[in-house]
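Residues per chain, in single letters:
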Amino acid sequence: MRTIPIQLPETVFSALRKNPEEFVQEMRIAAAVKWYELGEISQAKAAEVYGLTRTEFINALARYQVDFMQYTAQELAEEVMNVD
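The paragraphs below set out a description of the structure included in this document.

### Quick look at the overall build of the protein
Right, on to step 1. A count of helices and strands for the protein gives four helices and zero strands.
Right, on to step 2. When the helices and strands of the protein are read in sequence order from the N terminus, they spell out α-α-α-α.
Right, on to step 3. A compact globule built from 84 residues would reach a C-alpha radius of gyration of about 12 Å, whereas the protein, at 16 Å, exceeds it by more than 25%.
Right, on to step 4. Across its three principal directions, the C-alpha atoms of the protein cover 50 × 25 × 20 Å.
Right, on to step 5. Across the 84 residues that make up the protein, the buried fraction comes to 19%.

Spelled out as structure tokens, the structure:
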């Protein structure tokens, strides 16, 4: 895994009442959820960004009140037709 330093003002940690490590983890979760919500990345890739399992990512979606299913009606119909 690659480590990328991020500089943040000391005052931001109190916004979420988290220590720096917890704050960065929360940033990863928020980014993964938002990118998934926007259709930029898949659930699997979002879980990878989040650093946990796909199931744990789906639970995070619920916490952020984001629907786990981001299919259009047509995409869903195509998925159903392709089921073996």
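### Brief notes about the layout of surface pockets
Right, on to step 1. For the largest pocket, the calculated volume is near 440 Å³.
Right, on to step 2. Among the secondary structure elements, those contributing two or more residues to the lining of the largest pocket are helix 1 (20–37) and helix 2 (43–50).
Right, on to step 3. Of the residues forming the lining of the largest pocket, the biggest block, three residues, is contributed by helix 1.
Right, on to step 4. Here the lining of the largest pocket is composed, by residue class, of eight nonpolar, one polar and three charged.

### A closer look at the packing of aromatic side chains
Right, on to step 1. Following the criterion strictly, the structure yields three aromatic pairs and no others.
Right, on to step 2. The interplanar angle of 90° and the centroid separation of 5.3 Å between the aromatic rings of Phe13 and Phe23 together place this pair among those described as edge-to-face. Here the residue Phe13 occupies a position in the segment before helix 1, and Phe23 occupies one in helix 1, the gap between them amounting to ten residues. Comparing Phe13 with Phe23, the two get one shared label, buried.
Right, on to step 3. Here the aromatic rings of Tyr50 and Phe57 are separated by 6.4 Å at their centres, their planes lie at 70°, and the arrangement is edge-to-face. Comparing Tyr50 with Phe57 shows no difference in burial state: the two are buried.

Parameters at a glance
- Residues numbered from 1 in each chain as written.
- Predicted model: local features only at pLDDT ≥ 70, side-chain atom pairs only at ≥ 80, totals over all residues.
- Heavy atoms only, no water.
- Helix = DSSP H or I, 4+ residues; strand = E, 2+ residues; numbered from the N terminus.
- Rg over C-alpha atoms; globule rule 2.2 N^0.38 Å.
- Buried < 20%, exposed > 50% of the residue type's maximum accessible area, 1.4 Å probe, protein only.
- 1 Å grid on protein atoms, 1.4 Å probe; cavity = no way out; pocket = protein on both sides within 12 Å on 5 of 7 lines; lining within 4 Å.
- Points joined across faces, edges and corners; volume = space filled by probe spheres on them.
- Nonpolar A, V, L, I, M, F, W, Y, C, P; charged D, E, K, R; others polar.
- Phe/Tyr/Trp six-rings, centres within 6.5 Å; stacked < 30°, edge-to-face > 60°.

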